[in-house]
Amino acid sequence: MWAIFKLNVLTAMVTGQFKADPDEFAEFYANEYDKCIKRGGDMLYGVNIINGNVQGMADVIKAAFKKGTDSVGENYNVLSEIYPAAFDAYWLGAEMSPIPNFFLKPGGWPSTPPAPGTVMNLGPDPITMSITAAIHKALVEALKSLEDEIKKQTITIPGIAPIPDITINVYETVQKILKKEPVDNKIKNHPVVKQAVEVVKKLKEAKKKKPAIGAQIKKALKFEFPKLPSRKKIIEETKEKLLAKAIEEIEKIIIPPIEDMILAPIHQYVQMVVALLDSIPKPKPTLPQIKKFVKDTINGIKPEIELPGIEIPNLPTKEELLAQIKIKTPTKEEIKAMAYDKIKGLIPNPPFINFTLPNLMWSTKTNIMIDPFIMLAQIHLLGVSGNMTVMAQYPYPAPPAPAMITWSSYQVMNGPPVPDFPMTVKIPEVDLGSIEIPIFPELPELPILSAVDLMASLALSLPNLPTPTLKVPNIKVDIPNVPKIPGVG
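Calculation notes
Residues numbered from 1 in each chain as written. Predicted model: local features only at pLDDT ≥ 70, side-chain atom pairs only at ≥ 80, totals over all residues. Heavy atoms only, no water. Pairing = 2+ DSSP bridges. Helix = DSSP H or I, 4+ residues; strand = E, 2+ residues; numbered from the N terminus. Core = buried A, V, L, I, M, F, W, Y, C linked by side-chain atoms within 4.5 Å. Buried < 20%, exposed > 50% of the residue type's maximum accessible area, 1.4 Å probe, protein only. Contact = heavy atoms within 4.5 Å.

Engineer: Tell me about the pairing of strand β9 (residues 385-393), and please be specific about residues and values.
Structural biologist: Bridge count between strand β4 (residues 120-124) and β9: four bridges; the pairing is antiparallel. Residue pairing in the sheet places glycine 123 in a bridge with methionine 391 of β9. Strand direction decides the pairing type here: strand β7 (residues 214-216) and β9, joined by three bridges, are antiparallel. Note on β9: the bridge partner recorded for glycine 214 is methionine 388. As defined by bridge partners, β9 adjoins strand β10 (residues 401-408) across eight bridges and the pair is classed as antiparallel. The partner of methionine 391 across the bridge, within β10, is proline 402.

Engineer: So, the nonpolar core: which residues are in play, and what are the values?
Structural biologist: With 59 residues, the main nonpolar core has Tyr33, Trp91 and Phe373 as its most contacted residues. Setting aside residues no more than four positions away along its own chain, tryptophan 91 makes contact with Tyr33, Ile37, Ile49, Gln216, His380, Leu381, Val384, Trp407 and Tyr410. Counting residues in hydrophobic clusters, the runner-up holds 17 residues, among them Ile258, Val274, Phe293 and Leu307.

Engineer: I'd like a rundown of the environment of lysine 245, residues and numbers included.
Structural biologist: Relative to the helices and strands, lysine 245 is located in helix α10 (residues 231-276). The class of lysine 245 is partly exposed, set by a relative accessible area of 46%. With 98 residues separating them along the chain, lysine 245 and isoleucine 343 place their C-alpha atoms 9.4 Å apart.

Here is the structure:
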């Protein structure tokens, strides 16, 4: 039932059992799915899957996890990678058990609807079982021959001087990996070793296959997942727009002063001539008007003011002015660097889109690999179908003979609800009324401090305060007369 699947997967996540190895988690996950499916059966006959492609499903999940790991900073929906690829990998060619699931059909084959044209289903067809057994045997033998070749194969890992090259046996390395013994990543990720691991795993799975009476033949129903917006694209497009605007603003700021600096001698010349010539009526043009006059003349635009009798020597053309400005302007890279500094802090950081909202509770509902995955799995199970061959009793006087039946849809019971696992420890609530408060012993009597000790203590503990003075009272003391001793001065 799905409750067992939920509990086992959630427990593995809470305990961090596979936190260091996502590939191991993928294999664990595919095996849990396989166990769960085998606890179910088809809707009509109650026959469960006996042989599913667990390794194929695990490989698809591994690839989905790797793609998610590689898409750093991007919105990613792992379910769109798992469905339908992982389900097709498991179900295409999945084989049916010779007998119905006892929990769904306790009466066995006779309690199931008879095959078309028959009176009653009697049991599995032995010929079909023999054929599938022979196919399984051939698959095991083929993989066994590959395993024998792997046992002879070695690989050489180049060493770094002064360490010599290392030659290792591939099969022995594979066995260490499967037993979870420590193996260097360079050896573990070697292409030959990785392929050998897959062959050994497939052989192990092939040996578990049992005789069957039919297979699932229908591909999973396809539907489009909502397309997630590219987070990186949003950030890049916004950054480019901000950058273009910042460059435009910087150029507006830095180009006019450069232009003024280039044309400054011309402005001064025109201003001086305007001041000296009587042909120019008063009030004389201001410096901003002269600057605009020069700029309009360079651009070939009719100036707003007229300055009769003035000829400007060495006045650059528009192209010459632009060329001089370009020489004195910072390079594109320098302007871009200034623009980056200007837009720093303005580049948006859009939140990731999650199909299930982040939660501080380890919950089946908020974990995309549990309840959302099961929802997809249940949708997929409604669309599976296949054929089975059984021995059936035909109407009298015909003898029992093989009959083909078609099954459609598959069911797995949900089971009881699975509790959530909190990430943090909740402080237990205690009924204080039921707790007896102990009686503490009396404290010993503290010593009595003198005034001098008290002042000294205050002076040490409060160094910033003024040092207190203790006024000693005048006490009249009578000093006795000591008689003189002879021989002592």
